[in-house]
Amino acid sequence: MEYFKINGGNKLNGSIRLHGAKNSVLPLLAASLLIKGESVIHNCPRLSDVDNTVKILRHLGAEVRREGSTLIVNTACVNKYDIPEVLMREMRSSIIFLGALLSVMKKARLSVPGGCEIGLRPIDLHIKGLRDLGYVIEFKDGNICASGENKGSNDIYLSYPSVGATENLILASVFLKGKTRIINAAREPEICDLCDYLTGAGAKVYGAGSTVIEIEGVNSLHETEHTVIPDRILASTLMCATAVTGGNVRLEGVKLGDLSPVLSAFCETGCKLYAGDRTLTVKAPKRIRSIKSIKTGPYPDFPTDSQAMFSAMLTVANGVSVINETVFENRFRHIRELERFGAEVTIHDRCAVIRGVKTLCGAKASCTDLRGGAAVVIAALAANGVSEINNIYHIDRGYECFETQLSRLGAAVTRIKDEKEKQGNKKTYTESERRVQSA
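Residues numbered from 1 in each chain as written. Predicted model: local features only at pLDDT ≥ 70, side-chain atom pairs only at ≥ 80, totals over all residues. Heavy atoms only, no water.

J.: Would you mind showing me how to read the overall build of the chain here?
T.: Each helix and strand in the chain was counted, giving 16 helices and 24 strands. At 22 Å, the chain has a C-alpha radius of gyration in line with the 22 Å of a compact globule built from 439 residues. Seen through its C-alpha atoms, the chain measures out along the principal axes to roughly 65 × 45 × 45 Å. Taken over 439 residues, the chain has a buried fraction of 56%. The long-range fraction of contacts in the chain, counting pairs at least 24 apart against all pairs at least 6 apart in sequence, stands at 73%. A total accessible area of about 17500 Å² is found for the chain, and carbon and sulfur atoms account for 45% of it. Of the charged side chains in the chain, 56 are positive and 48 negative; the average position of the first set lies 4 Å away from that of the second. (Helix = DSSP H or I, 4+ residues; strand = E, 2+ residues; numbered from the N terminus. Rg over C-alpha atoms; globule rule 2.2 N^0.38 Å. Buried < 20%, exposed > 50% of the residue type's maximum accessible area, 1.4 Å probe, protein only. Contact = heavy atoms within 4.5 Å. Areas by Shrake-Rupley, 256 points an atom, 1.4 Å probe, with all protein chains shown as cover. Lys, Arg positive; Asp, Glu negative; His and termini not counted. Charge placed at Lys NZ, Arg CZ, Asp CG, Glu CD.)

In structure tokens, the structure reads:
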């Protein structure tokens, strides 16, 4: 079992380039099923979630190869419409294959997906929307069974701007006759990236980034090449790590507009932000200030995916901060792990009241989920002494060689693979780390 050993207290300094967005590359890979022939997708990070998505594509009959940070997907031989439980249970976002398979194979059979236990995240919006498009969907023996062919278009209203449901409905509508409108659609940058990929292949999708997305049906999509947008959640994670250590870090390959929901919060802490040509420099004060109130919500509100990292950062802020989580009911599971470092946090339903302390102490803690894992790492970076962070497989789902990225900025982070290496206190590099170092 791998874990991180972190010797806290080092200021993060230097520059680092952002890798592609996890929340973008996964739906892009599912969308590649709609392309006749080859898709060349650049800036694809080496993540376990990406690896699992590739396994699903190969199971369906696609050919996938990696060349550095580029994935080449050829779907000419796709001949299956079912995804077994062993592949679906690894991640919640695998539900995105439902709309893609209905578009291409006119039927689909998937088990209910797995993923981080951060809340119910019901798929009822996906199911209702697809049924409103005319698809037949039933639940049999724990599987989602769907079918439909030559269905007409329709206006679909989402009661909540779900990112996954919006993506599924877009993919399910690309080949439908006439025009389909998704009303109250999600507006996240990852939705725009998906639509850019599809329009680059010949789809007719309009209104991405607004509350109404219109899809005009086409007969087919052609081969295309696309570059995944930079990961805005990775950006906010590194910014929190910089702030909590009093560092000075320049992020490269940034889309500044995508970060707008979090920038004002960093300014409130006293961090200085300097924007350049696709760069953003974060200079932290000696001690950050508290934030009066953060409330998560759908884009362009504060992202729920950044909430855990902010809560970790605010544990050492001067004053009291309040975070109201409105998206997922279980997204404060990491708080109990932060308390192991000496954090003072009170939870009231979906509200966290964080009383900043002057110092945290090294501790043994566990990753509760992907973003909660990043939060405990941030706490360990700020803490005095040595920390051990377990269950880091959660982190590998969304951060490429996270320890390597942090080490390049001056953090003392070591990935240890087993008890023998733990006793010897030796650094062992994984295959993915070696690839990053040789890049």
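J.: Sorry, what's going on with the pairing of strand 1 (residues 3–7) here?
T.: The side chains of a regular strand alternate, first on one face of the sheet and then on the other. Bridge count for strand 1 against strand 24 (residues 412–416) is 5 bridges, and the pairing is antiparallel. Its bridge partner being in strand 24, Asn7 is matched across the sheet by Ala412. Note that strand 1 and strand 23 (residues 386–390) share 4 bridges and pair antiparallel. Of the residues in strand 23, the one forming a bridge with Asn7 is Val386. (Pairing = 2+ DSSP bridges.)

J.: Help me understand the sheet that holds strand 4 (residues 63–67) in this model?
T.: In sheet architecture, strand pairing relies on hydrogen bonds along the backbone and comes in two forms, parallel and antiparallel. In spatial order, the strands read 4-5-3-14; together these 4 strands make up an open sheet with mixed pairing. At either end of the open sheet lies a strand with only one pairing partner, and these are strand 4 and strand 14 (224–227). Averaged over neighbouring strand pairs, the angle between their axes works out to 15° when direction is ignored. With 4 bridges connecting them, strand 3 (residues 38–42) and strand 14 associate as parallel partners. Within the sheet, the bridge partner assigned to Ile41 lies in strand 14 and is His226. Where helix 2 (residues 48–60) meets the sheet, its contacts fall on strand 4 and strand 5 (70–74), and the angle it forms with strand 4 comes to roughly 145°. (Axes fitted to C-alpha atoms, helices over the stretch in contact; angles between N-to-C directions.)

J.: For this particular structure, what's the right way to read the environment of Lys364?
T.: Position of Lys364 relative to the elements: it lies in strand 22 (residues 364–366). For the pair Lys364 and Phe341, spaced 23 residues apart in the sequence, the C-alpha separation amounts to 8.3 Å. Beyond its immediate chain neighbours, meaning those up to four positions away, Lys364 contacts Arg340, Glu388 and Asn390.

J.: Explain the confidence of the model for the chain here, please?
T.: Note that predicted coordinates carrying low pLDDT should not be read in detail. With 92% of its residues at a pLDDT of at least 70, the chain reaches an overall mean of 92. Across residues 115–121, where pLDDT falls below 50, the model places 22 contacts with residues more than four positions away in sequence or in other chains. Segment residues 425–439: pLDDT under 50, and 28 contacts once partners within four positions in sequence are set aside and those in other chains are kept. (pLDDT = per-residue confidence, 0-100.)

J.: In this structure, what is going on with the nonpolar core? I would like to understand it.
T.: Core analysis: the largest hydrophobic core is formed by 72 residues, its most contacted members being Phe310, Phe341 and Ile389. No other element matches helix 12 (residues 370–382), which puts 10 residues into this core. With sequence-adjacent residues up to four places away left out, Ile389 is seen in contact with Tyr3, Phe4, Ile6, Phe341, Ala365, Cys367, Val376, Val377 and Ala380. Among the nonpolar cores identified, the runner-up in size contains 69 residues, and Ile96, Ile144, Leu176 and Cys195 belong to it. (Core = buried A, V, L, I, M, F, W, Y, C linked by side-chain atoms within 4.5 Å.)

J.: Explain the packing of helix 5 (residues 124–132) against helix 6 (residues 163–173) to me, please; I cannot follow it from the model alone.
T.: The axes of two packed helices give the description: the angle between them and the distance between them. Two numbers describe how helix 5 lies on helix 6: the axes approach to 8 Å, and their chain directions differ by 25°. The orientation of helix 5 with respect to helix 6, classified from their angle, is roughly parallel. Two packed elements cross with a definite hand, and for helix 5 against helix 6 that hand is right-handed. Seen from helix 5, the contacting residues are Leu125, His126, Gly129 and Leu130; seen from helix 6, they are Gly164, Ala165, Asn168, Leu169 and Ala172. By residue class, the composition of the contact of helix 5 with helix 6 is 5 nonpolar, 4 polar and no charged. (Parallel < 35°, antiparallel > 145°, perpendicular 65-115°, else oblique. Left-handed = near helix turned anticlockwise from the far one by under 90°. Nonpolar A, V, L, I, M, F, W, Y, C, P; charged D, E, K, R; others polar.)

J.: It is not clear to me how the side chain of Asp231 should be interpreted in this structure. Could you clarify?
T.: By secondary structure assignment, the location of Asp231 is in the loop between strand 14 and helix 8 (232–245). Although buried, Asp231 forms no salt bridge, and the nearest oppositely charged side chain, Arg371, lies 5.0 Å from it. If we skip the residues at most four places from it in the chain, Asp231 touches Leu18, His19, Gly20, Ala21, Lys22 and Gly398. (Salt bridge = Lys/Arg side-chain N within 4 Å of Asp/Glu carboxyl O.)

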